[in-house]
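# Commentary on secondary and tertiary structure
For reference, the chains in residue letters:
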Amino acid sequence: RHPSASGRQTAKQLAYDLSKHGLTISSGLAYGIDAHAHQGALAAEGITLAVMGSGIHHCYPKEHLALSKRIAKQGAIVSELPPDAK
């Protein structure tokens, strides 16, 4: 959850490069590496999926609400839980 600057950059660049080659990035929208992987895919105009540990109506962490909205436009937010599950 607290990656180094190098770890953050590596995650973002790797997701960017993989997206540019047509791969879909799937991660959990969590703090740290997850968020940076989603950001890399979005920057590459690729597809990214956020697999939520809550229902899709409850963004966790709340600080990633704007990121989750970008992901929903350029990929998908998915969860095995009911939409309002916390």
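Let me begin by describing the structure that accompanies this report. (Residues numbered from 1 in each chain as written. Predicted model: local features only at pLDDT ≥ 70, side-chain atom pairs only at ≥ 80, totals over all residues. Heavy atoms only, no water.)

### Concerning helix 2 (residues 33–43)
Here helix 2 has its buried residues at Ala-35, His-36, Ala-37, His-38, Gly-40, Ala-41 and Leu-42. Of the surrounding elements, those touching the buried residues of helix 2 are helix 1 (5–20), strand 1 (25–27), strand 2 (48–51) and helix 3 (65–74). (Buried < 20%, exposed > 50% of the residue type's maximum accessible area, 1.4 Å probe, protein only. Helix = DSSP H or I, 4+ residues; strand = E, 2+ residues; numbered from the N terminus. Contact = heavy atoms within 4.5 Å.)

### What to know about the sheet that holds strand 1
Taken in spatial order, the 3 strands make up an open sheet running 1-2-3, and their pairing is parallel. For this open sheet the edge positions go to strand 1 and strand 3 (75–78), each flanked by a neighbour on one side alone. Strand-to-strand twist of the sheet, defined as the mean angle between neighbouring strand axes without regard to direction, takes the value 10°. As paired elements, strand 1 and strand 2 share 3 bridges and run parallel to each other. When the sheet's bridge partners are listed, Ser-27 is paired in strand 2 with Ala-50. The sheet strands contacting helix 2 are strand 1 and strand 2, and the helix crosses strand 2 at an angle near 155°. (Pairing = 2+ DSSP bridges. Axes fitted to C-alpha atoms, helices over the stretch in contact; angles between N-to-C directions.)

### Looking at the pairing of strand 2
Burial of the side chains of strand 2 is restricted to one face: Thr-48 and Ala-50 are buried, whereas none of Leu-49 and Val-51 on the reverse face is. As paired elements, strand 2 and strand 3 share 4 bridges and run parallel to each other. Looking at the pairing, Val-51 lines up with Val-78 of strand 3. Following the chain from strand 2 across helix 3 to the adjacent parallel strand 3, one finds a crossover that is right-handed. (Right-handed = clockwise from strand over helix to strand, strands pointing away.)

### Topic: the environment of Ile-56
Here Ile-56 lies in the loop between strand 2 and helix 3. Along the sequence, Ile-56 and Val-78 sit 22 residues apart, while their C-alpha atoms lie 6.7 Å from each other. Those residues in contact with Ile-56 that sit more than four places away from it in its chain are Ile-77, Val-78, Ser-79 and Pro-83.

### A look at the nonpolar core
Of all hydrophobic cores here, the largest spans 8 residues; its members are Leu-29, Ala-35, Leu-42, Ala-50, Met-52, Cys-59, Leu-67 and Ile-71. At the level of elements, helix 2 and helix 3 are the ones that each hand at least two residues to this core. In this structure, Leu-29 is in contact with Asp-34, His-38, Ala-50, Met-52, Cys-59, Tyr-60, Pro-61, His-64, Leu-67, Ser-68 and Ile-71, ignoring residues within four places of it in sequence. (Core = buried A, V, L, I, M, F, W, Y, C linked by side-chain atoms within 4.5 Å.)

### Side note on the environment of Gln-39
Here Gln-39 is to be found in helix 2. Spatially, the C-alpha atom of Gln-39 lies 24 Å from that of Leu-81, the residues being 42 residues apart in sequence. If sequence neighbours within four positions are ignored, Gln-39 has contacts with Lys-12 and Leu-67.

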